[in-house]
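The primary structure of each chain is shown beneath.
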Amino acid sequence: MSIQILGNKKSGENFVKSLENKQFTFSLVISYTETCEIPGITIAGADKEFLKFTSPADAEYLNFGHCKSIDTIPMSPDGKPTPALLTRVALDTAKISHVVVNAGSKVEPKLPCFETRLKPGKNIAEETAIDLQDVKNAVDYGKTIGRSLAALSDCLVIGESIPGGTTTALAVLNAFGLDSNVSSSMPENPLDLKKQTVQNAIKRISSDDPFEIISEVGDPMIATVAGMLVGASDVCKVILAGGTQMAAVLLFANQLGYNKQNISICTTRYIIDDTEAGFLETIKKIDDIPVLVSDPKLDKSSIAGLKSYSEGFVKEGVGAGGSIIAAVLKTGIDSDQFLKLVEEEYNRVLTLQ
């Protein structure tokens, strides 16, 4: 499977070359923002009550191959699976170890994890998202976790699972002065609803202090992963595995200071293909770092739920793009092999329903 290098191509080529046949550690940061409860803002979760189980269920499925908090893996009623399915196949195939960081999930995952004791984020349309001290704590905890994990491998891959996170990401990007859009788990991105939510939130900002901005309109995941990025990038290579939410992480971490030479954002082609979101342009406005892109070729799948990714649904999440790239760099797996394994895992999961 080829890896497309965008952004700073020379730096990207060096990044890729330095990690061929090397060791990776994958970390999944799970969290929650009550912003996701705004009707119509996310496809994550079958209903409002189900939303709080999305992140812990992703973590449990990644670890066990099934969920403990709910009866099935996160999947839409018509068969669109969580991107954790792609991540699990990539990690298992390449034998990449992984850990979970609970950074404010509304429901605790039923597995061993790094526990931060952070509270879930509030609905940014209505109130301050996170206590200022909790933002500072999240960054400090993230730095500690990042340094610890970075010492274990050549590259730390960081993914996230937080329903509604693209809206808080948009709020953070806009609050720092970036006129940008974000992607969505739906083909018809509810940008008008997101922008109205963001505008209501940004009105409350009265300071240009980065911590206060995250406190007002961000979420616990952004603060925690930014800390992890800062802590880990001084020790090893770091892949921010995701789309527009990782752009918000990069922007906040840029205010804190990181080792730019050790950082890349890795995502799926479905994020890059979303021209409305303008992901690549957003990253270029933040920093001149490489963007690595994987193409899992789901458009070739005979399974409608998987093929839907290439039709604008889901696109990315749970570190899917970054974990696929890590698997390619470690094992050289090609797209046909990967797609076959993904389809086998999808069919296995259906037997658990």
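Residues numbered from 1 in each chain as written. Predicted model: local features only at pLDDT ≥ 70, side-chain atom pairs only at ≥ 80, totals over all residues. Heavy atoms only, no water.

Caption draft 1: Spotlight on the overall build of the chain. Summing up its helical and strand segments, the chain has 14 helices and 8 strands in all. In the chain, which comprises 353 residues, the share counted as buried stands at 63%. Counting every atom, the chain has about 13,100 Å² of accessible surface; 46% of that belongs to carbon and sulfur. Distance between charge centres in the chain, computed from 34 positive and 44 negative side chains, equals 4 Å. (Helix = DSSP H or I, 4+ residues; strand = E, 2+ residues; numbered from the N terminus. Buried < 20%, exposed > 50% of the residue type's maximum accessible area, 1.4 Å probe, protein only. Areas by Shrake-Rupley, 256 points an atom, 1.4 Å probe, with all protein chains shown as cover. Lys, Arg positive; Asp, Glu negative; His and termini not counted. Charge placed at Lys NZ, Arg CZ, Asp CG, Glu CD.)

Caption draft 2: Structural view of unusual backbone geometry. Positive phi values are uncommon outside glycine, yet Asn21 reaches one of about 65 degrees. Among the secondary structure elements, Asn21 is positioned in the loop between helix H1 (9–19) and strand E2 (24–30). Notably, Arg117 is not glycine yet its phi reads approximately 65 degrees, a positive angle. With respect to the helices and strands, the residue Arg117 is situated in the loop between strand E4 (114–115) and helix H4 (132–150). Note on Arg117: relative accessible area 62%, which makes it exposed.

Caption draft 3: Summary view of helix H2 (residues 48–64). With 17 residues, H2 extends 25 Å from end C-alpha to end C-alpha; this agrees with the ideal 24 Å at 1.5 Å per step. Largest kink in H2: about 40 degrees, centred on Thr54, with the proline Pro56 one to four residues after it. Among the 17 residues that make up H2, 12 are buried, leaving the element largely enclosed by the rest of the structure. Buried positions along H2 lie against E2, helix H3 (84–94), strand E3 (97–102), strand E5 (155–161) and helix H14 (335–350). Following H2 by one or two positions, Gly65 has its phi on the positive side, about 90 degrees. (Expected span 1.5 Å × (residues − 1). Bend = angle between axes of the 7 residues up to and from the residue. Contact = heavy atoms within 4.5 Å.)

Caption draft 4: Looking closely at the nonpolar core. Membership of the largest hydrophobic core comes to 61 residues, with the highest contact counts inside it found for Ile214, Leu240, Leu250 and Phe252. It is helix H8 (residues 220–233) that contributes the most residues to this core, 9 residues altogether. Excluding its chain neighbours within four sequence positions, the residues that come into contact with Leu240 are Ile158, Val225, Leu229, Met246, Val249, Leu250, Ser264, Ile265 and Cys266. Counting 56 residues, the second largest nonpolar core, distinct from the first, contains Cys155, Ile303, Val328 and Val342. (Core = buried A, V, L, I, M, F, W, Y, C linked by side-chain atoms within 4.5 Å.)

Caption draft 5: Examining the packing of H3 against H14 more closely. With their axes 10 Å apart at the nearest point, H3 and H14 run at an angle of 120 degrees to one another. On the basis of the axis angle, H3 is oblique to H14. Viewed along their axes, H3 and H14 form a crossing whose handedness is right-handed. Contacts between H3 and H14 involve Leu85, Leu86, Arg88, Val89, Ala90 and Thr93 from the former and Phe338, Leu341, Val342, Glu345, Tyr346, Arg348 and Val349 from the latter. Across the contact of H3 with H14, the residue classes tally to 9 nonpolar, 1 polar and 3 charged. (Axes fitted to C-alpha atoms, helices over the stretch in contact; angles between N-to-C directions. Parallel < 35°, antiparallel > 145°, perpendicular 65-115°, else oblique. Left-handed = near helix turned anticlockwise from the far one by under 90°. Nonpolar A, V, L, I, M, F, W, Y, C, P; charged D, E, K, R; others polar.)

Caption draft 6: Focus on the sheet that holds E5. Taken in spatial order, the 8 strands make up an open sheet running E1-E8-E7-E6-E5-E2-E3-E4, and their pairing is mixed. Each edge of the open sheet is held by one strand with a lone partner, namely strand E1 (4–7) and E4. Inspection of the sheet shows E2 paired to E5 by 7 bridges, in the parallel sense. Directly across from Val29, in E5, lies its bridge partner Glu160. (Pairing = 2+ DSSP bridges.)

Caption draft 7: Region of interest: the pairing of strand E8 (residues 290–294). Most of E8 sits out of view: 5 of its 5 residues are buried. Here E8 shows two buried faces, one formed by Pro290, Leu292 and Ser294 and the other by Val291 and Val293. As defined by bridge partners, strand E7 (residues 263–268) adjoins E8 across 4 bridges and the pair is classed as parallel. Across the sheet, Ile265 pairs through a bridge with Val291, a residue of E8.

Caption draft 8: The arrangement of the pattern of salt bridges in detail. Going through the model one piece at a time under the given rule, you end up with 15 salt bridges. We note a salt bridge from Glu37 to Lys106, for which the minimum N-O separation is 3.2 Å. Here Glu37 is found in the loop between E2 and H2, whereas its partner Lys106 is found in the loop between E3 and E4, with 69 residues between them in sequence. A residue is classified by how much of its surface remains accessible, and Glu37, at 22% relative accessible area, is partly exposed. Owing to a relative accessible area of 41%, Lys106 belongs among the partly exposed residues under this scheme. Asp295 is the salt-bridge partner of Lys297, the closest N and O atoms lying 3.6 Å from each other. Through salt bridges that share partners, Arg269, Asp273, Asp295, Lys297 and Asp299 make up one connected network. (Salt bridge = Lys/Arg side-chain N within 4 Å of Asp/Glu carboxyl O.)

Caption draft 9: Expanded view of empty space enclosed by the protein. Scanning the model with the defined rule gives 1 cavity of 30 Å³ or more in all. Considering the residues around the largest cavity, the lining is formed by Leu118, Lys119, Ile130, Asp134, Val135, Ala138, Pro220 and Ala223. Within the residue set of the lining of the largest cavity, elements represented by two or more residues are H4 and H8. Top element by residues in the lining of the largest cavity is H4. It accounts for 3 residues. Per-class residue counts for the lining of the largest cavity are 6 nonpolar, no polar and 2 charged. (1 Å grid on protein atoms, 1.4 Å probe; cavity = no way out; pocket = protein on both sides within 12 Å on 5 of 7 lines; lining within 4 Å. Points joined across faces, edges and corners; volume = space filled by probe spheres on them.)

Caption draft 10: Quick look at the environment of Ser11. With respect to the helices and strands, the residue Ser11 is situated in helix H1. Its relative accessible area of 17% is what places Ser11 among the buried residues. Separated by 106 residues in the primary sequence, Ser11 and Arg117 place their C-alpha atoms 37 Å from one another.

Without other data, these values stay purely geometric and don't point to any function.
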